[in-house]
Amino acid sequence: MIWAVAATALAGSATVVGGFLALHPGMRQRGPLAVGLAFAAGLMIVLSIVEILPLSLSTLRDSGVDAAVWWTAGAFLAGCGAVLLIDALLPERVVQADALDLDGDLTGSHGLLRSGLLIALVIGAHNAPEGLMTFLAMLESPELGVGLAVAIAIHNIPEGMAVAAPLYAATGRRAPALGWAAVAGVAEPAGALIGYFALRALLPPELLVLTLSLVAGMMIALSLRELIPAARRYQTHPAQSLAGLAAGALVVWVSLALTR
């Protein structure tokens, strides 16, 4: 469990890295962000389809659970639905490309302070289920967990930028901007621990492996709903998103081939 907590903490810390980058306008480039977001999406989608769902199904069958396919499919759809529900309940739909205007002038307006705080709270709420995904994957399969932690960290970087940029512009101070980016990042391990103990209380031991299917559903929904659209909005050339997706998929295939 210690390694699972560490993985979620490292993924969350990438939000602070994004906060640092937001303080340097020269680092906020559309093309690299588009490739990075698409890379994370490609990694998540292929990892879910090729490894996580088959592993969940085979483990259920080996445990003698009846209707293992239906249990797996139901958990997968529940994961998709959870992401869509969280997205619908947020007070303002803030995603990477919408929260941070890379072409705008962010200096001098104290009216940005409220927006920056709202973005920090929204992204924190968004990060909590991501932390749960990473935590559960690490418990079931460390190889999967490491890959997922890397993907989450990559797309947490622009989220940290989205938090820090307006707060830095509003206050002119680095510490509050980075502090609120850190608050958003802490939601990853906090959400992981709270969600894990809640699931343990709700599910019998033989069905805990269904959390992997839940993770797969959340990963695919997150990729299709947030990461790929954000990558397309950031891109300066259509090849950037495609290259990122292909690279993410390739990394999964190679890593799985090397560990088998």
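The following paragraphs examine the structure supplied in this document. (Residues numbered from 1 in each chain as written. Predicted model: local features only at pLDDT ≥ 70, side-chain atom pairs only at ≥ 80, totals over all residues. Heavy atoms only, no water.)

1. Topic: the nonpolar core
Then step 1. Membership of the largest hydrophobic core comes to 54 residues, with the highest contact counts inside it found for Met44, Leu47, Ile52, Met133, Leu148, Val215 and Met219.
Then step 2. Elements supplying a minimum of two residues to this core: helix H1 (2-22), helix H2 (30-62), helix H3 (68-89), helix H5 (112-140), helix H6 (142-171), helix H7 (174-202), helix H8 (210-234) and helix H9 (238-259).
Then step 3. Residues contacting Leu47, with those up to four places away along its chain left out, are Ile52, Leu144, Leu148, Met219 and Val252.
Then step 4. Counting residues in each nonpolar core, the second largest holds 9 residues, with Ala164, Leu167, Ala181 and Ala184 among its members. (Core = buried A, V, L, I, M, F, W, Y, C linked by side-chain atoms within 4.5 Å. Buried < 20%, exposed > 50% of the residue type's maximum accessible area, 1.4 Å probe, protein only. Helix = DSSP H or I, 4+ residues; strand = E, 2+ residues; numbered from the N terminus. Contact = heavy atoms within 4.5 Å.)

2. Topic: H3
Then step 1. Here H3 spans 31 Å end to end across 22 residues, near enough to the 32 Å set by a 1.5 Å rise per residue.
Then step 2. For H3, every residue scored as buried is listed here: Ala68, Thr72, Ala75, Phe76, Gly79, Cys80, Val83 and Asp87. Buried residues of H3, viewed axially, fall in a sector of 135°; they line one side. In H3, the exposed positions that point more than 90 degrees away from the buried face belong to Trp70, Leu77, Ala88 and Leu89. (Expected span 1.5 Å × (residues − 1). Arc of directions from axis to C-beta.)

3. A few points about a nonpolar patch on the surface
Then step 1. Side chains of Met1, Leu139, Leu193 and Phe197 sit close together on the surface and give an oily, nonpolar patch of about 340 Å² of accessible area.
Then step 2. Counting through the fold element by element, Leu139 comes out in helix H5. (Patch = residues over 30% accessible without salt bridge, like charges linked within 9 Å, V, L, I, M, F, W, Y side chains within 5 Å. Areas by Shrake-Rupley, 256 points an atom, 1.4 Å probe, with all protein chains shown as cover. Salt bridge = Lys/Arg side-chain N within 4 Å of Asp/Glu carboxyl O.)

4. A short note on the side chain of Thr134
Then step 1. Tracing the backbone shows Thr134 in helix H5.
Then step 2. With relative accessibility at 0%, the residue Thr134 sits in the buried group.
Then step 3. For Thr134, the contacting residues outside a window of four places in its chain are Ala7, Thr8, Gly145, Leu148, Ala149 and Ile152.

5. As for unusual backbone geometry
Then step 1. For Ala67, which is not glycine, the phi torsion reads 55° and is therefore positive.
Then step 2. Within the secondary structure, Ala67 sits in the loop between H2 and H3.

6. Thoughts on the environment of Val5
Then step 1. Structurally, Val5 is set in helix H1.
Then step 2. Taking the relative accessible area as the measure of exposure, Val5 reaches 27% and is therefore partly exposed.
Then step 3. For the pair Val5 and Thr134, spaced 129 residues apart in sequence, the C-alpha to C-alpha distance is 8.8 Å.
Then step 4. Among all residues touching Val5, those that are not within four sequence positions of it are Phe135 and Leu193.

7. Topic: the environment of Ala68
Then step 1. Along the polypeptide, Ala68 turns up in helix H3.
Then step 2. Between the alpha carbons of Ala68 and Leu57 there is a distance of 6.2 Å; along the sequence they are 11 residues apart.
Then step 3. Dropping the residues within four chain positions of it, Ala68 is found in contact with Leu57, Leu60 and Arg61.

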